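Chain by chain, the residues run as shown.
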Amino acid sequence: MEAKQLHQPASSHSPIYHAILQAGPRLKPLQQVHARIVITGLGRSRSLITKLLSFAYAATSPITYTRRLFLSIPEPDTFLFHSLITLTSKFNFPQESLLYYRRMILANISSTNYTFSAVIKSSADLRTFNTGETIHCHVLICGYGLDSYVQAALVSFYAKWGQLWIARKVFDKMPEKTVVAWNSMISGYEQNGFGKEAIALFYLMQDLGVKPDSTTFVSLLSACAQLGAVGLGCWVHEYIVRNCFDLNVVLGTALINMYSRCGNVSKAREVFDSVEEKNIVAWTAMISGYGMHGHGSQAIELFSEMRVLGPRPNNVTFVAILSACAHAGLVSEGRQIFASMRQEYGLEPSVEHQVCMVDMLGRAGHLNEAYQFIRDMVSKEPAPAVWTAMLGACKMHKDFDLGVEVAEHLLSIQPENPGHYVMLSNIYALAGRMDRVEKVRNIMIRNRLKKEVGYSTIDVDQKIYLFSMGDKSHPETNEIYLYLDELMSRCREAGYVPASESVMHEVEEEEKEHALRYHSEKLAIAFGLLKTSPGVAIRIVKNLRMCEDCHTAIKHISVVSNREINIRDRLRFHHFKDGSCSCQDYW
DNA sequence: GTAGGGTTAG
């Protein structure tokens, strides 16, 4: 007993050790204790400095201070390295974490599964792929290749890098797949835009009897949001309620986002109201939900409420609220909010906010003001995204001269972006300059630039079906096309006139109407109408923006089929009902 | 003592 006490660091009983504990993770008090340590000549005590350092990281102290503390220790030991690496990883100092890892190797101290999982997380955070790969080698050499903690960290590392194939390989090799490993893989798919794969992996997890936890559902709900998988999304919500999961703010926000992106903004609001400790992310998600649906005044109302009794808005919040104003035509409100960013909150507007402003002014038809805004606000060369917003406004309001000027400028600064060529050619087509359309088309072919392929998805009975333009891969293709043809002729009888101006120029003239008729959203709608009962609303998610012709056609379809049709395109929602759209053609 | 999660313009 006595011998044991002798081996314990004497300082753990010392008043100064208690003083460190009392200071806790607060920089100023820690520095005061540090001064005492130096004065009393204990500055070289490893255990005191180790404790001091761990609190310093928890207090997110300046790197210069923590580094100097570290350097004051003559011979750092295993315990010090291990605590430093795990702490820096946990408190998001990935650079420091890797630095200590290197120092540890130089000091000839070996890693454990604790340090490995921490340092792998750090290299994922830092986005240093080579370092991560090297550490993976170290893991294998040191014999931790089958440790479930280390493997889960590796899965998430590779997934963060978009190396899903390697992530999956590590995952598949795990002898014991913990729920964390499943979650890492599911979230990896979701964050790389593979919502379908994320959902498939969840079903596999279910089949194997692995119990999901709240993190599983957060990722799963994001996948549902991405795909518009409202059926599964609702099932998850019911499951959460039935199994008495705690509706914490992260899970709540995932639900809010899922409901808004799946078209049910009032349900999103219900969830929002029921979340107890709402933080800035939850508020922003809800504001963005209103914005996406064109409910600008509700977005502003919520934003005002937040200013009074919620957390401080951040840059993301301002993007969400300004975009809401843009999509609802609330120009003067948007101007005021933009001004308040700097005046009241000291936030410097960034490119995203400039884009929102140009978009807002441009949509509302204030093209000159939008152009002036770019000249006044943006000091150096404006970001391409700002010009893209300006170009969209020119196209919308058919200002060909300005549109061509902007498009040509965009092409000169970003010649590799196919989207700009598409816009330019569309503007030429609208102006009837078919010779120019042809020219742009040839440049695209010469430079092998391809337009992004459009697709639409629809959720029927908790299954997601994907359609692309002219798609014939579906087993019931014939039935779908026949039905669509019939539907379109009924629309024509009801007054619909197909337009061909918005067809992409790579399509040959004689195929134009054909192509328009089989745009992916129309195929998905036909399928939805065939597969669901009368009265059931059709919900579609499209990856690109809808063309003007589809927008008109779908208004007619909502009449002749007597159905509500909700489409989420790249930018926002369109709720079609009785021949009109919720965006009031303001898109 | 470890690993995994939610919001953002065009």
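You'll find the structure just up there.
What counts and how
- Residues numbered from 1 in each chain as written.
- Chains lettered and ligands numbered in written order.
- Predicted model: local features only at pLDDT ≥ 70, side-chain atom pairs only at ≥ 80, totals over all residues.
- Heavy atoms only, no water.
- Pairing = 2+ DSSP bridges.
- Helix = DSSP H or I, 4+ residues; strand = E, 2+ residues; numbered from the N terminus.
- Near = heavy atom within 4 Å.
- Polar contact = N/O pair within 3.5 Å; in protein donor to acceptor, adjacent residues only side chain to side chain.
- Nonpolar A, V, L, I, M, F, W, Y, C, P; charged D, E, K, R; others polar.
- Contact = heavy atoms within 4.5 Å.
- Salt bridge = Lys/Arg side-chain N within 4 Å of Asp/Glu carboxyl O.
- Buried < 20%, exposed > 50% of the residue type's maximum accessible area, 1.4 Å probe, protein only.

(A) Layout of the sheet that holds strand β2 (residues 463-468). A sheet is described by the order of its strands in space; here 6 strands give the open sequence β2-β1-β3-β4-β5-β6, paired in mixed fashion. The open sheet has two edge strands with one neighbour each: β2 and β6 (580-581). In the sheet, strand β1 (residues 455-460) pairs with β2 via 6 bridges, with the strands oriented antiparallel. Following the sheet pairing, Tyr455 is matched in β2 by Ser468.

(B) View of the protein's contact with DNA strand B. Inspection of the region around DNA strand B gives 44 residues, with Asn183, Gln191, Asp213, Ser214 and Arg261 positioned closest. The separation between a phosphate oxygen of DNA strand B and a polar side-chain atom of His327 is 2.9 Å. When the residues that make up the surface near DNA strand B are grouped by side-chain class, the tally is 16 nonpolar, 22 polar and 6 charged.

(C) Spatial organisation of the environment of Arg342. Topologically, Arg342 is positioned in helix α21 (residues 331-345). Look past the residues within four positions of Arg342 in its chain and what remains in contact with it is Leu347, Glu348 and Pro349.

(D) Geometry of the environment of Ala254. With respect to the secondary-structure elements, Ala254 resides in helix α16 (residues 249-261). Each C-alpha atom of the pair Ala254 and Lys395 lies 35 Å from the other, and the pair is 141 residues apart in sequence. Discounting residues that sit within four places of it in the chain, Ala254 has contacts with Val218 and Leu221.

(E) Broad picture of the pattern of salt bridges. Throughout the structure, instances matching the rule amount to 17 salt bridges. In this structure, Lys522 and Asp549 form a salt bridge, with 3.0 Å as the shortest nitrogen-oxygen distance. Placement of the pair is Lys522 in helix α30 (residues 520-531) and Asp549 in helix α31 (residues 548-560), with a sequence separation of 27 residues. Given the relative accessible area of 2%, Asp549 is considered buried.

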